[in-house]
Amino acid sequence: MTALPHSTVVTRLRAAGCVFAEDEAELLLATARTPTELDAMVRRRAEGLPLEHVLGWAEFRGVRVEVDPTVFVPRRRTEFLVEQAVALAGPGAVVVDLCCGSGALGAALVAGIGRAELYAADIDPAAVACARRNVAAAGGRVYQGDLFEPLPAALRGRVDILLANVPYVPTEEIALLPSEARVHEARVALDGGSDGLDVLRRVTAEAAEWLAPGGCLLFETSERQVPTAVETVLRGGLVPRVTTCDELYATVVVATRPAPAH
């Protein structure tokens with residue numbers, strides 16, 4: 001197509017404050033199908049819409065994931081959470097992606113282990129509609145509802161890997177987030193309550209009922225929330241292990257349901 005020159009796109013993005021203007025310009029040019037579409041995409045990005053919402057997709061651990069407007073954009077640091085899950089999950093594992101957003105975590109985990117029995121759930125209808133496309137491509141099913149509530153009862157006690165990318169930003173700190181998140185992503189995907197751990201408490205209160213013996217709950221948290229998060233895991237009858245990745249500035253808690261002693 002006859003399109004805006006790469007240099008023009010870069011200039012417009014840079015003027016709008018896009019730090020990675022060159023990289024973003026290449027993605028926009030590769031994605032737009034017509035000059036008119038490219039112009040509109042550059043304009044939306046310059047207005048502050050997240051790049052992934054403009055493109056309609058994000059790359060997450062090597063998987064291209066569709067991301068609709070308002071749906072939480074999977075963060076690169078969360079790839080570390082999936083890496084921990086891949087190391088624990090065998091082929092055919094029963095996996096639940098709770099607070100699934102776009103379904104990126106479950107889809108990436110299946111890509112990493114080859115095959116799984118995958119279920120996902122989210123309370124946000126827009127996220128569920130988006131996740132259904134991504135999770136279906138991975139052979140899974142998506143349910144709409146509050147945490148465990150919509151999941152099939154037959155999953156109780158069978159889940160090998162429970163991914164719970166719960167919101168963990170304290171309510172008072174939402175205003176400090178970059179506008180891309182604060183303005184363009186659903187509040188329910190960000191707000192973790194007064195100390196950021198309200199949703200996590202609800203997950204850990206029920207997780208042991210859903211996990212198989214030896215099954216693991218994995219979630220991301222901030223470094224300063226770790227002590228309280230660990231206490232929450234212990235109250236839920238799970239055994240916590242904290243792992244970090246300095247490169248991605250990621251902190252993940254792996255909480256295991258103890259297997260019964262023989």
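Read on for an overview of the structure. Everything numeric in this text was worked out from a predicted model, so none of it was measured. (Residues numbered from 1 in each chain as written. Predicted model: local features only at pLDDT ≥ 70, side-chain atom pairs only at ≥ 80, totals over all residues. Heavy atoms only, no water.)

**Overview of the overall build of the protein chain**
Counting its secondary structure elements, the protein chain contains 10 helices and nine strands. Relative to the compact-globule value of 18 Å for 262 residues, the protein chain shows a C-alpha radius of gyration of 19 Å, a close match. Along the longest, intermediate and shortest principal axes, the C-alpha atoms of the protein chain span 70 × 40 × 30 Å. Burial analysis of the protein chain (262 residues in total) assigns 52% to the buried set. When contacts within the protein chain are restricted to residue pairs at least 6 apart in sequence, those whose partners lie at least 24 apart make up 61%. For the protein chain, the accessible surface area stands at approximately 12,100 Å², while carbon and sulfur atoms represent 52% of it. With 25 positive and 34 negative side-chain charges, the protein chain shows a separation of 3 Å between the mean positions of the two kinds. (Helix = DSSP H or I, 4+ residues; strand = E, 2+ residues; numbered from the N terminus. Rg over C-alpha atoms; globule rule 2.2 N^0.38 Å. Buried < 20%, exposed > 50% of the residue type's maximum accessible area, 1.4 Å probe, protein only. Contact = heavy atoms within 4.5 Å. Areas by Shrake-Rupley, 256 points an atom, 1.4 Å probe, with all protein chains shown as cover. Lys, Arg positive; Asp, Glu negative; His and termini not counted. Charge placed at Lys NZ, Arg CZ, Asp CG, Glu CD.)

**Overview of helix H6 (residues 104-113)**
Among the 10 residues in H6, eight count as buried, and that is most of the element. Residues of H6 that are buried include every one of Ala 104, Leu 105, Gly 106, Ala 107, Ala 108, Leu 109, Val 110 and Ile 113, and no others.

**Some words on the pattern of salt bridges**
Evaluation of the coordinates by the stated rule reveals 18 salt bridges. Here Glu 209 ties to Arg 156 by a salt bridge, and the two come within 2.8 Å at their closest N and O atoms. Here Glu 209, found in helix H9 (residues 198-210), pairs with Arg 156, found in the loop between strand S5 (141-144) and strand S6 (159-164); they are 53 residues apart in sequence, far enough to count as distant. Classification of Arg 156 by relative accessible area gives partly exposed; the value is 42%. (Salt bridge = Lys/Arg side-chain N within 4 Å of Asp/Glu carboxyl O.)

**Some thoughts on helix H2 (residues 21-31)**
Every buried residue of H2 is accounted for by Ala 21, Glu 24, Ala 25 and Leu 28. Looking straight down H2, one finds its buried side chains confined to an arc of 105°; they lie on one side. Structurally, H2 contributes buried residues whose contacts are with helix H1 (6-15), helix H3 (35-46) and helix H4 (51-55). (Arc of directions from axis to C-beta.)

**Let's talk about the packing of H1 against H2**
Relative to each other, H1 and H2 sit at 125°, their axes nearing to 9 Å. Between H1 and H2, the interaxial angle falls into the category oblique. Of the two possible hands of crossing, H1 and H2 adopt the one that is right-handed. Mapping the contact onto sequence places His 6, Val 9, Val 10, Leu 13 and Arg 14 in H1 and Ala 21, Glu 22, Glu 24, Ala 25, Glu 26, Leu 28 and Leu 29 in H2. Its residues placed into classes, the contact of H1 with H2 shows seven nonpolar, one polar and four charged. (Axes fitted to C-alpha atoms, helices over the stretch in contact; angles between N-to-C directions. Parallel < 35°, antiparallel > 145°, perpendicular 65-115°, else oblique. Left-handed = near helix turned anticlockwise from the far one by under 90°. Nonpolar A, V, L, I, M, F, W, Y, C, P; charged D, E, K, R; others polar.)

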